[in-house]
Amino acid sequence: MENIQATEFHVTYLDTLSGRVECEAFNDQTAAERFANAQLADEEAWAVVDAVLATQERAQQLVA
C-alpha cells in the first residue's frame with residue numbers, strides 16, 4: 001500500500017459550556033480557522049489550529 005501524505009487541520013479548543021478540552025479535525029485550513037474563531041465567543045475561551053500530516057493508511061484506519 002502506498003502512503004500518501006495529506007494535511008489535516010486539528011482544532012483543539014475549550015468548550016466553555018462543559019469545561020472540557022475538545023478536538024475537531026478538518027481537511028480545509030479555512031474551515032478549521034473559521035471553526036476556531038467561532039469558539040472564541042467567551043472571554044475565557046481559547047482555540048488552537050494545528051496542521052498535521054496524515055497518511056492515506058492512517059486515514060483508512062480511522063474509518064475502519
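Structure: above.
Here we summarise the structure given alongside this text. This structure is a prediction, so every number in the text was calculated from the model and none was measured.

Here we take up the nonpolar core. Counting residues in each nonpolar core, the largest one holds five residues, listed as Phe9, Val11, Tyr13, Ala32 and Ala36. If you list the elements that add at least two residues to this core, you get β1 (5–15) and α1 (29–38). Examining the composition of this core, we find that three residues originate from one element, β1, more than from any other. Sequence-distant contacts of Phe9, that is, excluding residues within four places in its chain, are made with Glu24, Ala25, Phe26, Asn27, Asp28, Gln29, Ala32, Val49, Asp50 and Ala51.

With that settled, consider the pattern of salt bridges. Counting across every chain of the model gives one salt bridge. For Arg20, the salt bridge identified is with Glu22, shortest N-O distance 3.4 Å. Residue class for Arg20 comes out exposed when judged on its relative accessible area of 51%. Exposure remark for Glu22: the relative accessible area of 23% places this residue in the partly exposed category.

Relative to the helices and strands, Glu8 is located in strand β1. Setting aside residues no more than four positions away along its own chain, Glu8 makes contact with Phe26, Asn27, Asp50, Ala51, Val52 and Ala54.

Another point: the environment of Glu44. In this fold, Glu44 is placed in the loop between α1 and β3 (47–55). Note: C-alpha distance between Glu44 and Thr16 (28 residues apart in sequence) is 7.4 Å. Among all residues touching Glu44, those that are not within four sequence positions of it are Leu14 and Thr16.

What follows covers a nonpolar patch on the surface. Where nonpolar side chains cluster on the molecular surface, the patch consists of Val21, Trp46 and Val48 and spans about 250 Å² of accessible area. Within the secondary structure, Trp46 sits in the loop between α1 and β3. The class of Trp46 is partly exposed, set by a relative accessible area of 33%.

Reading guide: rules and limits
- Residues numbered from 1 in each chain as written.
- Predicted model: local features only at pLDDT ≥ 70, side-chain atom pairs only at ≥ 80, totals over all residues.
- Heavy atoms only, no water.
- Core = buried A, V, L, I, M, F, W, Y, C linked by side-chain atoms within 4.5 Å.
- Buried < 20%, exposed > 50% of the residue type's maximum accessible area, 1.4 Å probe, protein only.
- Helix = DSSP H or I, 4+ residues; strand = E, 2+ residues; numbered from the N terminus.
- Contact = heavy atoms within 4.5 Å.
- Salt bridge = Lys/Arg side-chain N within 4 Å of Asp/Glu carboxyl O.
- Patch = residues over 30% accessible without salt bridge, like charges linked within 9 Å, V, L, I, M, F, W, Y side chains within 5 Å.
- Areas by Shrake-Rupley, 256 points an atom, 1.4 Å probe, with all protein chains shown as cover.

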